[in-house]
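# Structural overview for review
Single-letter residue listing:
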Amino acid sequence: MMILAPITAVGGTILAVRQDASMTIILAVALPVVAAVIALVAWKGIPLFQTVQAKLDRVNLVLREKLTGIRVIRAFDRLEHEAKRFDTASRDLTDTYIKVNRIIAVMIPAMLLIMNGVTLSMLWLGAIRIDEGSLNIGNLVAFMQYAMQILFSFLMFSTMFILIPRAQAAADRYNKVMEATPQIADPKNPLHAVEAGYVEFRNVTFRYHGAELPAVNHISFSAKPGETTAIIGGTGSGKSTIVNLIPRFYDPEEGEVLVDGVDASRLTQEELRAKIGFVPQKAVLFTGTIAENLRLGNPAATDEEIAHAAEVAQAADFIDAMKDGYHTVLAEGGSNLSGGQKQRLSIARALVRRPEIYVFDDSFSALDFKTDAKLRAALKKETAQSTVIIVAQRVGTVMDADRIIVLDEGHIAGIGTHKELLERCEVYREIVSSQLSKEELA
Ligand SMILES: Nc1ncnc2c1ncn2[C@@H]1O[C@H](COP(=O)(O)OP(=O)(O)OP(=O)(O)O)[C@@H](O)[C@H]1O
Ligand SMILES: [Mg+2]
């Protein structure tokens with residue numbers, strides 16, 4: 001209807017002129033006025049209509065932050081500050097909306113005034129012409145119909161100025177999402193891995209998008225089945241970055257990450273990730289039962305396999321203690337569990353998968369020393385045939401690894417066993433002496 005407005009306007013004008021040329025003068029006067037009103041609306045309105053969307057966004061952002069961070073806001077007594085922030089954003093939106101509505105409030109009566117004015121003058125002029133005998137009633141009625149059609153089309157046209165900018169903003173956003181191409185794509189001619197459980201970094205350097213310095217520099221090491229490789233280093237030294245390169249969450253800037261002898265980017269993501277049991281630093285669980293969450297690792301897992309994985313991950317005790325056991329429903333993000341319980345479930349989830357390569361990113365940090373030791377003893381048996389890569393902060397966790405990689409600000413400060421590193425790696429010695437007492441070191 002609105003798109004047809006210009007066509008109806010032009011068509012109507014031609015028909016109206018054919019009915020009675022002299023009465024077209026009324027239209028010739030009215031149409032420029034209508035055009036002026038529309039131009040005014042467009043000039044004042046379009047920028048406003050466009051900002052409405054941005055301001056609505058801002059209100060949503062503030063509200064969402066407030067809801068997700070409500071505990072932190074309360075704990076830091078920032079309720080008032082947050083309320084003010086919301087007030088500012090919502091006041092801003094209100095003001096813009098009021099301006100928009102003022103324009104609409106002027107525009108619609110103005111258009112109606114013009115339309116009715118035109119009708120009146122046509123009746124008046126038409127009556128005179130009929131009196132003269134130069135126009136008959138049928139023509140007058142037809143002329144009025146056409147004139148209304150024309151004016152109505154212009155009215156429609158002006159409402160387009162209200163709707164189009166908003167639709168445009170929404171369409172832009174939609175297109176941005178739809179057109180985004182993932183940076184990590186499957187290779188056109190994927191290779192297949194021949195070996196199982198081999199991970200090798202060859203001179204890998206990686207920089208996060210937009211970062212000035214690489215997060216990790218010239219990393220080289222290799223791991224094979226039956227071995228445990230540990231990565232230790234201060235916060236922000238690049239430990240998580242290294243392990244995130246294995247399942248190809250990112251591609252290296254330089255060098256190669258080889259999994260089972262093949263560059264990770266030459267395997268399909270499906271094949272690559274099926275090989276890896278990944279326990280991320282921040283345990284993520286989903287709404288659903290415990291069993292459903294564990295089955296994410298392997299949808300075909302039997303109840304026994306699930307129970308076994310939970311046993312190894314030291315999660316069986318607390319799951320059994322729950323009223324519904326494995327059918328206990330987890331709240332969103334697992335918020336009805338403690339940090340350590342979440343960590344153990346996410347370890348169990350990786351175990352259910354029985355992968356070639358295990359990656360534990362600081363997965364024992366929320367566990368007490370006793371549980372940590374029990375879990376690692378059980379894991380050792382379970383993962384004896386697999387390649388294990390452990391990121392840890394505690395020396396106790398990494399001490400008996402076959403290979404320890406010491407990271408210092410994105411660089412490898414040393415690779416070796418605990419004993420070797422104690423002899424020749426200053427950074428490792430510092431970490432050790434800050435954690436262990438003299439007697440433990442002896
Ligand atoms: N998503 C990201 N975008 C940009 N920079 C990042 C991102 N993640 C990490 N970094 C940067 O990369 C560096 C290494 O971070 P990384 O998470 O690998 O450290 P980490 O050793 O795992 O630390 P932690 O012990 O705290 O987990 C840090 O300097 C950090 O600022
Ligand atoms: Mg980390």
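Cut-offs and rules
Residues numbered from 1 in each chain as written. Chains lettered and ligands numbered in written order. Predicted model: local features only at pLDDT ≥ 70, side-chain atom pairs only at ≥ 80, totals over all residues. Heavy atoms only, no water. Near = heavy atom within 4 Å. Polar contact = N/O pair within 3.5 Å; in protein donor to acceptor, adjacent residues only side chain to side chain. Areas by Shrake-Rupley, 256 points an atom, 1.4 Å probe, with all protein chains shown as cover. Nonpolar A, V, L, I, M, F, W, Y, C, P; charged D, E, K, R; others polar. Helix = DSSP H or I, 4+ residues; strand = E, 2+ residues; numbered from the N terminus. Buried < 20%, exposed > 50% of the residue type's maximum accessible area, 1.4 Å probe, protein only. Contact = heavy atoms within 4.5 Å. Pairing = 2+ DSSP bridges. Axes fitted to C-alpha atoms, helices over the stretch in contact; angles between N-to-C directions. Phe/Tyr/Trp six-rings, centres within 6.5 Å; stacked < 30°, edge-to-face > 60°. Lys NZ or Arg CZ within 6 Å of the ring centre and 35° of its normal.

## Description of the site of ligand 1
- Close contacts around ligand 1 come from Y208, A215, G234, T235, G236, S237, G238, K239, S240, T241, Q281 and Q393, and that covers them all.
- Between ligand 1 and Q281, the relevant distance is 2.7 Å, taken from an oxygen atom to a side-chain nitrogen or oxygen of the residue.
- Out of a free accessible area of 630 Å², ligand 1 has 59% covered by protein chains.
- Considering only residue class, the shell around ligand 1 consists of 2 nonpolar, 9 polar and 1 charged.

## A few points about the environment of R349
- The residue R349 is located in helix 11 (residues 339-353) in this model.
- Residue R349 is classed as buried on the basis of its relative accessible area, which comes to 11%.
- Once the C-alpha coordinates of R349 and I290 are considered, the two residues, 59 residues apart in sequence, prove to be 9.8 Å apart.
- Ignoring sequence-local partners within four residues, the contact set of R349 consists of P280, V284, L285, F286, N293, L294, L296 and G297.
- A polar atom in the side chain of R349 sits 2.8 Å from the backbone oxygen of V284.

## Brief notes about the sheet that holds strand 6 (residues 276-279)
- If you trace the 6 strands from one edge of the open sheet to the other, you get 6-9-10-3-11-12, paired in mixed fashion. This sheet does not close on itself; its edge strands, each paired only once, are strand 6 and strand 12 (411-416). The mean inter-strand angle of the sheet, taken between neighbouring strand axes irrespective of direction, is 15°.
- When strand 3 (residues 228-233) meets strand 11 (residues 403-408), the two strands line up parallel, connected through 5 bridges. In the sheet register, T229 faces strand 11, and the bridge partner there is R403.
- Taken strand by strand, helix 15 (residues 426-435) contacts strand 3, strand 11 and strand 12, and its axis lies near 95° from that of strand 11.

## Side note on the packing of aromatic side chains
- Summed over all chains, the structure comprises 7 aromatic pairs.
- For the pair F201 and F221, a centre-to-centre distance of 4.8 Å together with 20° between the ring planes defines the contact as stacked. Of this pair, F201 sits in strand 1 (residues 199-206) while F221 is found in strand 2 (residues 216-223), placing the two residues 20 residues apart along the sequence.
- With a relative accessible area of 6%, F221 lands in the buried category.
- Sitting over the face of the ring of W43, K44 holds its NZ or CZ atom 4.9 Å from the ring centroid.
- Sitting over the face of the ring of F369, R394 holds its NZ or CZ atom 4.4 Å from the ring centroid.

Keep in mind these numbers describe shape, not what the thing actually does.
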